[in-house]
Amino acid sequence: MKNISLLLNGLLLILVANLYYQGCSGKKVVSDSLSKIKTDSASTDSAPLRIAYVNQDTILDKYVALKDQKSSLEKRFRDADASLRSKGQRLQQDMAALQQTAQKGTVPPAELQKEEQRLGAQQQSLVAEQQKKEKELGDEMRQINENLNKKVTDILDVLKKQRGYDYVLSYSKQGSNILLVNDKYDITNDVLSELNKK
């Protein structure tokens, strides 16, 4: 029994020594392989990525033509809203007057029905006018945004070619996927300068 125990201990000692030898010599092979991979990848990359970003909030706040367009559009929206409210109030007054007339019973039912139909048509016309104005102003706002996007993209295309950018990102404090930026990569003023030239 004692001999078997010594035999097993000896066998385990040989196995541990063998594993130790393989582990030590394997590290050198692994580290040599890693250094070769690093050298190979360094030789295939010609240059690091060039990245810049544009702050959307600044563009929206300081692009002069956009501010003018937005101001004009907001005025037209306020004017349309005031006009529609005024027409709506008149319609409500006419409907209230019709209801009072109907309660008095001084007007024949046929005339009341005719007046009710006229006011109903006016109401439908008012709703259609409101929808038309909303669509017009919405389409115009969409067109302003598309024009801005095209102008910014054209400017960024030129800057990309001049400066060799691989990526130009969009940053906004209001809802950007970019959480943190380094100001040295900010090209917003360059873009804004070009936008305000035109």
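Residues numbered from 1 in each chain as written. Predicted model: local features only at pLDDT ≥ 70, side-chain atom pairs only at ≥ 80, totals over all residues. Heavy atoms only, no water.

Caption draft 1: Region of interest: the packing of aromatic side chains. All chains considered together, the criterion is met by one aromatic pair. Judged by centre distance (5.9 Å) and plane angle (80°), the rings of Tyr-53 and Tyr-171 are edge-to-face. Here Tyr-53 is found in strand S1 (residues 51-55), whereas its partner Tyr-171 is found in strand S2 (residues 167-171), with 118 residues between them in sequence. Across the pair, Tyr-171 and Tyr-53 agree in class, each one buried. (Phe/Tyr/Trp six-rings, centres within 6.5 Å; stacked < 30°, edge-to-face > 60°. Helix = DSSP H or I, 4+ residues; strand = E, 2+ residues; numbered from the N terminus. Buried < 20%, exposed > 50% of the residue type's maximum accessible area, 1.4 Å probe, protein only.)

Caption draft 2: Up close: the nonpolar core. Among the nonpolar cores identified, the biggest contains 18 residues, and Ile-59, Val-191 and Leu-195 are the most heavily contacted of them. Of all the elements in the fold, those that place two or more residues in this core are S1, helix H3 (64-104), helix H4 (109-163) and helix H5 (188-197). Listed in part, the six residues of the second largest apolar core include Leu-84, Leu-91, Leu-112 and Leu-119. (Core = buried A, V, L, I, M, F, W, Y, C linked by side-chain atoms within 4.5 Å.)

Caption draft 3: The arrangement of H5 in detail. Every buried residue of H5 is accounted for by Thr-188, Val-191, Leu-192 and Leu-195. Down the axis, H5 shows its buried residues gathered within 100° of arc, on one side only. Exposed residues pointing more than 90 degrees away from the buried face of H5 are listed as Asn-189 and Lys-197. Buried residues along H5 sit in contact with S1, helix H2 (56-62) and H4. (Arc of directions from axis to C-beta. Contact = heavy atoms within 4.5 Å.)

Caption draft 4: Seen up close, the packing of H4 against H5. Where H4 meets H5, the axes come as close as 10 Å, and the angle between the chain directions of the two elements is 125°. With respect to H5, the element H4 is oriented oblique. Crossing hand, H4 versus H5: right-handed. Contacts from Leu-148, Lys-151, Val-152, Ile-155, Leu-156, Leu-159 and Arg-163 in H4 reach Asp-190, Val-191, Glu-194 and Leu-195 in H5. Here the contact of H4 with H5 is composed, by residue class, of seven nonpolar, no polar and four charged. (Axes fitted to C-alpha atoms, helices over the stretch in contact; angles between N-to-C directions. Parallel < 35°, antiparallel > 145°, perpendicular 65-115°, else oblique. Left-handed = near helix turned anticlockwise from the far one by under 90°. Nonpolar A, V, L, I, M, F, W, Y, C, P; charged D, E, K, R; others polar.)

Caption draft 5: Main features of H4. Taking 1.5 Å per residue, 55 residues should reach 81 Å; H4 reaches 80 Å between its end C-alpha atoms and fits that length. Its buried side turned inward, H4 meets S1, H2, H3, S2 and H5. Positive backbone phi, approximately 75°, marks Gly-164, located one or two places after H4. (Expected span 1.5 Å × (residues − 1).)

Caption draft 6: Representation of the confidence of the model for the protein chain within the structure. The pLDDT averaged across the protein chain works out to 81; a share of 76% of its residues lies at or above 70. In the model of the protein chain, helix H1 (residues 2-44) stands out as the element of lowest mean pLDDT, 53, in contrast to H4, which has the highest, 92. Taken together, the stretch residues 27-31 has pLDDT below 50 and engages in zero contacts with residues farther than four places along the chain or on a different chain. In the model, residues 40-44 has pLDDT below 50 throughout and makes zero contacts with residues more than four positions away in sequence or in other chains. (pLDDT = per-residue confidence, 0-100.)

Caption draft 7: Structural detail: the pairing of S1. Here S1 lies mainly inside the structure; four of its five residues are buried. Pairing between S1 and S2: five bridges, direction parallel. Considered in S2, the bridge of Ile-51 is made with Tyr-167. (Pairing = 2+ DSSP bridges.)

Caption draft 8: Region of interest: the side chain of Asn-55. Relative to the assigned elements, Asn-55 resides in strand S1. Apart from residues no more than four positions distant in its own chain, Asn-55 is found in contact with Tyr-171, Asp-186 and Thr-188.

Caption draft 9: Spatial organisation of the pattern of salt bridges. Counted under the stated rule, the structure contains eleven salt bridges. Across the salt bridge formed by Asp-81 and Arg-85, the nearest N and O atoms sit 3.2 Å from each other. You can see Asp-81 and its partner Arg-85 sitting in helix H3, four residues apart, about one turn around the helix. Take Asp-81: its relative accessible area is 30%, and that puts it in the partly exposed class. Assessed through its relative accessible area of 57%, Arg-85 is described here as exposed. Between Asp-139 and Lys-135 there is a salt bridge; the shortest N-O distance is 2.7 Å. (Salt bridge = Lys/Arg side-chain N within 4 Å of Asp/Glu carboxyl O.)

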